[in-house]
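Each chain is listed here by its residues.
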Amino acid sequence: MTQDAFTTEGYACRVVDLKKEYVLKSETVRALRGVTFDVPTGDYVAIMGPSGSGKSTLLNLLGCLDKPSSGSLWLGHDDVAKMSDDQLADIRSQRIGFVFQAYNLIQQLTVVENIQVPLFYQGKPLTAAQKNRSIELAKMVGLGDRLGHRPTQLSGGQQQRVAIARSLVNDPYFILADEPTGNLDSRTTEEILQTFERLNNEGRTVILVTHEDEVSKRAKRVVRLKDGRLQWDKINTQQVRDEAAKYAIDNMPVEV
Ligand SMILES: Nc1ncnc2c1ncn2[C@@H]1O[C@H](COP(=O)(O)OP(=O)(O)OP(=O)(O)O)[C@@H](O)[C@H]1O
Ligand SMILES: [Mg+2]
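Residues numbered from 1 in each chain as written. Chains lettered and ligands numbered in written order. Predicted model: local features only at pLDDT ≥ 70, side-chain atom pairs only at ≥ 80, totals over all residues.

Caption draft 1: Unusual backbone geometry, seen in detail. If you check the backbone angles, Tyr103 has positive phi at about 60° while not being a glycine. Secondary-structure assignment places Tyr103 in the loop between strand E6 (96–100) and helix H3 (111–120). Of note in this structure, Glu179 is not a glycine but carries a positive phi near 50°. Counting through the fold element by element, Glu179 comes out in the loop between strand E7 (174–178) and helix H6 (186–201). (Helix = DSSP H or I, 4+ residues; strand = E, 2+ residues; numbered from the N terminus.)

Structure representation (structure tokens):
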């Protein structure tokens, strides 16, 4: 019997027996106890699980915000588990797109400038191509007519769409989103889910953490953690996804 050689080709990331322990004075918290899964490029994964099951820990590792205690995390051709803090910082600023529950936009900056923020961190003047790209991204998330607006002049959904455009400015391995609809009403949640769906249909890889079944049913796949382990990993059929979308739209509150 031949065993296929390990490859990273075609994967946004590969996670192999990933463990994370937090060593405190009095105890060691085993937040991840050996998690293994793959995310093919173009996948759309919802990570679920009870409070304390390790979701944010996993997302922080995927986002190179923290280092695992052991195991491997392959992003592109590199096992980032073996990297130095400086190398991790480079990957984080150049190849990871984050979307947070609280948008984290800079109030003094316009829509386009907020989208460009990850580029400023790279410490080089922006090129014409980068400037054009940030305008294209604003258009892609439906904010082409709001380029000069500041966050206070936008709705919650529009602000989160700025954050999504910002997450894409570096052409990341994937968009990582921690409870991206946690602050939003059902209509705005729908707006954001449709944005993720459209970006995913265009080939972007999306990984999000959610507590909500209605949100996880819209993904292509659901990974559930329990006590720092992968409890199950299942594919949502197109029928499940379509029905969840239809349910959301049919049950939308009437606009007043
Ligand atoms: N910096 C830290 N130091 C020590 N323990 C931590 C730290 N961060 C998380 N933990 C512990 O690791 C475990 C997993 O936490 P994590 O934040 O990943 O859970 P979660 O699934 O995101 O939960 P929630 O749904 O409440 O956000 C918990 O027991 C938590 O108390
Ligand atoms: Mg969490």
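From this point, things continue past the structure.
Caption draft 2: Spotlight on the environment of Ser167. Of note, Ser167 is situated in helix H5 (residues 156–168). Residue Ser167 is classed as buried on the basis of its 25 C-beta neighbours within 10 Å. Between the C-alpha atoms of Ser167 and Phe100, which are 67 residues apart in sequence, the distance is 10.0 Å. Excluding residues within four positions of it along the chain, Ser167 makes contact with Gly97, Phe98, Val99, Pro172 and Ile175. (Buried ≥ 20, exposed ≤ 12 C-beta atoms within 10 Å, placed from the backbone. Contact = placed C-beta atoms within 7 Å.)

Caption draft 3: Structural context of the site of ligand 1. Close to ligand 1 lie Tyr22, Leu24, Val29, Ala31, Gly49, Ser51, Gly52, Ser53, Gly54, Lys55, Ser56 and Thr57, which account for all nearby residues. Listed by contribution, the elements that provide at least two residues to the shell around ligand 1 are strand E2 (28–40) and helix H1 (55–62). The leading source of residues in the shell around ligand 1 is H1, at 3 residues. The residue makeup of the shell around ligand 1, split by class, is 4 nonpolar, 7 polar and 1 charged. (Near = placed C-beta within 6 Å. Nonpolar A, V, L, I, M, F, W, Y, C, P; charged D, E, K, R; others polar.)

Caption draft 4: Focus on the packing of H3 against helix H4 (residues 128–140). Look at H3 against H4: their axes get within 9 Å of each other, and the N-to-C directions meet at 125°. With respect to H4, the axis of H3 lies oblique. Read as a crossing pair, H3 and H4 show a hand that is right-handed. Residues Val111, Val112, Ile115, Gln116 and Leu119 of H3 form the contact with H4, whose own contacting residues are Gln130, Ser134, Ile135, Leu137 and Ala138. Partitioning the contact of H3 with H4 into residue classes produces 7 nonpolar, 3 polar and no charged. (Axes fitted to C-alpha atoms, helices over the stretch in contact; angles between N-to-C directions. Parallel < 35°, antiparallel > 145°, perpendicular 65-115°, else oblique. Left-handed = near helix turned anticlockwise from the far one by under 90°.)

Caption draft 5: Just the sheet that holds strand E10 (residues 229–235), in detail. Taken together, the 6 strands give an open sheet; going across it, the order is E6-E7-E8-E3-E9-E10, and neighbouring strands pair in mixed fashion. Where the open sheet ends on each side, the last strands, each with one partner, are E6 and E10. Across this sheet, the average inter-strand angle for adjacent strands is 20°, counted without regard to direction. Taken together, the 4 bridges between strand E3 (residues 44–48) and strand E9 (residues 221–226) define a ladder with parallel strand orientation. Pairing of Met48 across the sheet is with Arg224, part of E9. Together, E6 and E7 form the strand contacts of H5, whose direction differs from that of E6 by roughly 165°. (Pairing = 2+ DSSP bridges.)

Caption draft 6: Fine view of H6. Between its terminal C-alpha atoms H6 stretches 22 Å, which fits the 22 Å expected from 16 residues at 1.5 Å a residue. Residues Thr189, Glu190, Glu191, Ile192, Leu193, Thr195, Phe196 and Leu199 constitute the buried set of H6. Contacts from the buried residues of H6 go to H5, strand E8 (206–209), helix H7 (213–216) and helix H8 (238–250). (Expected span 1.5 Å × (residues − 1).)

Caption draft 7: A look at the pairing of strand E1 (residues 11–23). Pairing analysis gives 10 bridges linking E1 to E2, with the strands arranged antiparallel. Following the sheet pairing, Glu21 is matched in E2 by Arg30. Hairpin geometry of E1 and E2 is characterised by an intervening segment of 4 residues between the two adjacent antiparallel strands. Taken together, the 5 bridges between E1 and strand E4 (residues 70–75) define a ladder with antiparallel strand orientation. When the sheet's bridge partners are listed, Lys19 is paired in E4 with Ser70.

Function cannot be read off these values alone, since they describe shape.
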